[in-house]
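# Structural features, examined
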Amino acid sequence: MLPVKTYGLGVKPDAGSTAEAHKQAEALNQTVEQLYQHVLAGDINRVQVDLQQVDMIFKNSQLQKLTTVEGIHALSESIIEMKEAVARVQLDSDQWLTASAKLRMAADGLSNTKQPLWLQYYKLIREELSQMKTESEKGDPLAVKQAYERLQTHYEIIRPAVVIQRKPEDVTMADSWLSYAGGLVNAVSPQPGQIQKMIEQGEEMFNGLFGKKKDYPALAPLDQVNGTWPWLIWAGAFIIAALVYTAYRKYRGEKTSIKKMTPKW
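Residues numbered from 1 in each chain as written. Predicted model: local features only at pLDDT ≥ 70, side-chain atom pairs only at ≥ 80, totals over all residues. Heavy atoms only, no water.

## Regarding the confidence of the model for the protein
Here is the rule: A residue's pLDDT is the confidence the predictor assigns to it, expressed on a 0 to 100 scale. In this analysis, two residues are considered to be in contact whenever any of their non-hydrogen atoms come within 4.5 Å of each other.
Averaged over all residues, the pLDDT of the protein is 80; the fraction at 70 or higher stands at 74%. Per-residue pLDDT stays below 50 along residues 1-15; that stretch engages in 27 contacts with residues further than four places along the chain or on separate chains. The model gives residues 254-265 a pLDDT under 50, and that stretch makes 28 contacts with residues more than four places away or in other chains.

Okay, here's the thing in C-alpha cells:
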C-alpha cells in the first residue's frame, strides 16, 4: 500500500484563514487530478490511495470558507459517489470515469475561480441544443430525445462545480429546465412548438449560467451580463418542474446503466 500524504493538514496554525482554505483547496484539486489520471490509466490501487487522500483533505480542511453550504454538499456528494464506484465488487469503467470526472470538476471549481474546467462544457451543451433544434425541425422526436440525454449527461458531470461557483437560484433554474425539458422530450406525443420554445429558453438559460451574452463567444462574469436574464420572464413556468425535480433525479439515479462521458478530460 502506498503512503498517504496529508499535505501538512494535521497541523494547521492558521486553518481558520481564507488563505489556508485556498491552500487546502489547491491540495485537494491536485490530488483529485492525480486520481482522475489514475482512473484513466486503470490503476485501481493508486485510485484507492488517492481517494483516501481526498477524504483526509476534505475532513481536515476549512473549504466551507470558499463556497456555500450547497457547494460543500455538492463536493461531499461527489466524493461519496466516487467511493461508491470504487467499492463496487464488479468494476464499471464508465461509472469510475463519470464519478471521477464529476469530482475533478468540483475540486477544480473550488480552487479555480477564473477559468474553471467546467466552462469548457459550454460548447458541448450548445451543440446538443443545436442538435435538438435541428432534429425537432426534421420531425425526429427520438433524435431529439437522444440529444437531450447527451446534454443531461454533460450537465450532470459539471453540476457539482456549478453548485460551488454559482448562486443557488441559478442552479435551481438550470435543474428545473432539465426537468421541464425531460418531460417534453419524453412525452408520448412531443409537440414541436413546445420543443422549439423550450430549446430557445435553454439557450438563454445556459448563456447566463456560463456567463455569456446571447450569441457572443467571449466569456464574461455573470454580474457583467447586461440586463435581467430573459428566461426570468418564463421562470414561473418552471415552478412545478422545480417541485418535482428531486423525484426526477431519484428516478434517473435508480437506472443501472451509466452513459459514457465525453470529452475525456
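## With respect to the packing of aromatic side chains
For clarity, the threshold we go by: Stacked, tilted and edge-to-face are the three classes assigned to paired rings of Phe, Tyr and Trp, where Trp is represented by its six-membered ring and a pair needs centres within 6.5 Å; plane angles under 30 degrees give stacked, over 60 edge-to-face, the rest tilted. In this text, helices come from DSSP runs of H or I with a minimum length of four residues, and strands from runs of E with a minimum of two, each type numbered from the N-terminal end. A 1.4 Å probe rolled over the protein chains alone gives each residue an accessible area, and that area as a share of the maximum for its type sets the label: buried under 20%, exposed over 50%, partly exposed in between. To sit over a ring, a charge needs its Lys NZ or Arg CZ within 6 Å of the ring centre and within 35 degrees of the ring normal.
Inspection of the entire model under this criterion finds five aromatic pairs. Taking the centre distance of 5.1 Å and the plane angle of 45 degrees together, the rings of Trp 118 and Phe 210 count as tilted. Of this pair, Trp 118 sits in the loop between helix H4 (93-111) and helix H5 (122-138) while Phe 210 sits in the loop between helix H8 (192-209) and helix H9 (239-253), and the two are 92 residues apart along the sequence. For Trp 118, a relative accessible area of 0% corresponds to the buried category. Look at Phe 210 and you get buried, because its relative accessible area is 1%. Taking 6.4 Å as the distance between ring centres and 50 degrees as the angle between the ring planes, the aromatic pair formed by Phe 206 and Phe 210 counts as tilted. An aromatic cluster of at least three residues, connected via ring pairs, comprises Trp 118, Tyr 122, Tyr 155, Trp 177, Phe 206 and Phe 210. Above the plane of the ring of Tyr 122 lies Lys 212, whose end atom (NZ or CZ) is 4.6 Å from the centre.

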